[in-house]
Amino acid sequence: MAPTGTVGAPVRRLTVLYDAECSLCTHVRDWLLRQPLLVPMELVPAASEEARRRFPGLDHGACLEEVTAVGDAGQVYRGAAAWVVVLWALRDHRRLAHRLSTPAGARLARGAALAAAQWRRAGQWGGGSYRRADGWVYDPRLGWTYSPPGCGDGACPTR
């Protein structure tokens, strides 16, 4: 997916939104924190209070489904494009990012993003549904749904 937002603006800073309850996502987050950077990068849990405050116009449910990177000028990259721009921001991986930005490389990047998504479904959840503490539920057959915490049985606490 091509970036959305300010087209042609240089990226001087990135914010990467990731699923903080996914073991693969947190492993990649930890790896990114150890990498030398060419572009400053912040890692923020997707759909968190901070993410919602900083990026109110984003579809935060979609950010839980696939990695999302946001540039300082409002550029939004999702899925394979997000992986490429994140690699581009790393000193030791910029050359790889340039290769993955070609038409042939984009197919490889998309395949890697799909493989990671498949691992998340099969590896972490065993193919079944996965419930997050904040009320989001992922089912491989249905996708993401939201059920507010404490309301699963229809008896929601009153405020």
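This text gives an overview of the structure that appears in the document. This structure is a prediction, so every number in the text was calculated from the model and none was measured.

**Some thoughts on the pattern of salt bridges**
(1) Moving on: Under the defined criterion, the tally for this structure stands at five salt bridges.
(2) Moving on: A salt bridge links R54 to E42, with the shortest nitrogen-to-oxygen separation between them at 3.1 Å. Within this pair, whereas R54 is found in helix α2 (residues 49-54), its partner E42 is found in strand β2 (residues 41-45), the two being separated by 12 residues in sequence.
(3) Moving on: E50 is the partner of R54 in a salt bridge, and the nearest nitrogen-oxygen pair spans 2.9 Å. Of this pair, R54 and E50 both sit in helix α2, four residues apart, which is roughly one turn of that helix.
(4) Moving on: A residue is classified by how much of its surface remains accessible, and E50, at 35% relative accessible area, is partly exposed.
(5) Moving on: Residues joined in a network through salt bridges with shared partners are R13, E42, E50 and R54.

**Observations concerning the side chain of T15**
(1) Moving on: Within the fold, T15 resides in strand β1 (residues 14-18).
(2) Moving on: Of note is the side chain of T15, whose polar atom sits 3.2 Å from the side chain of R54.
(3) Moving on: Setting aside its immediate chain neighbours within four residues, T15 contacts E42, V44, R54, F55, T68, A69 and V70.

About the criteria used
- Residues numbered from 1 in each chain as written.
- Predicted model: local features only at pLDDT ≥ 70, side-chain atom pairs only at ≥ 80, totals over all residues.
- Heavy atoms only, no water.
- Salt bridge = Lys/Arg side-chain N within 4 Å of Asp/Glu carboxyl O.
- Helix = DSSP H or I, 4+ residues; strand = E, 2+ residues; numbered from the N terminus.
- Buried < 20%, exposed > 50% of the residue type's maximum accessible area, 1.4 Å probe, protein only.
- Polar contact = N/O pair within 3.5 Å; in protein donor to acceptor, adjacent residues only side chain to side chain.
- Contact = heavy atoms within 4.5 Å.

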